[in-house]
Amino acid sequence: RRRAEEQQRLRDEAAARARAAALARKRRLEAAARLRADEDARRAADEAYRDELRRRRADALKRATANRQKREREEDLRRESQLAKALGDGSRNWRPEAKTKFG
């Protein structure tokens, strides 16, 4: 009878160790899954941030290009009107900046 009790105690201890090992394995797997999910979320956030930066840069470049083209068009029109005036009045010593320098 004592031997049977000893064997039962050993079986119970082995079952408890097996349950503890299964719980530890489950906790490790859950922690690894959380870590992978965190890494995936971080990677997605980084990619979204980079996409937003790319989009902002492209928008800024587009705006700068449009502004530059507008400025160049205005300068060309000014130059053309000054040239037309100069050619129209037959002035030999016309300078394009004269109008801006002397009003």
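About the thresholds
- Residues numbered from 1 in each chain as written.
- Predicted model: local features only at pLDDT ≥ 70, side-chain atom pairs only at ≥ 80, totals over all residues.
- Heavy atoms only, no water.
- Helix = DSSP H or I, 4+ residues; strand = E, 2+ residues; numbered from the N terminus.
- Buried < 20%, exposed > 50% of the residue type's maximum accessible area, 1.4 Å probe, protein only.
- Areas by Shrake-Rupley, 256 points an atom, 1.4 Å probe, with all protein chains shown as cover.
- Salt bridge = Lys/Arg side-chain N within 4 Å of Asp/Glu carboxyl O.

Participant: In this structure, what is going on with the overall build of the chain? I would like to understand it.
Facilitator: Along its length, the chain carries two helices and zero strands. Considering the chain as a whole, with its 103 residues, one finds that 2% of them fall into the buried category. Working note: accessible area of the chain is about 9,600 Å², and carbon and sulfur atoms make up 54% of it.

Participant: Please clarify how the pattern of salt bridges should be interpreted in this entry.
Facilitator: Oppositely charged side chains can pair when the atoms bearing their charge come close. One pass over the full model with this rule turns up twelve salt bridges. For Arg1, the salt bridge goes to Glu5, with nearest N and O atoms at 3.5 Å. Taking the relative accessible area as the measure of exposure, Arg1 reaches 80% and is therefore exposed. Overall, the relative accessible area of 46% leaves Glu5 in the partly exposed class. A salt bridge links Glu52 to Arg56; the nearest nitrogen and oxygen atoms lie 3.3 Å apart. Within this pair, Glu52 and its partner Arg56 are both found in helix α1 (residues 2-89), separated by four residues, close to a single helical turn. Overall, the relative accessible area of 53% leaves Arg56 in the exposed class. Among the charged side chains, a salt-bridge network with shared partners connects Glu52, Arg55, Arg56 and Asp59.

This is a description of form; function is not addressed.
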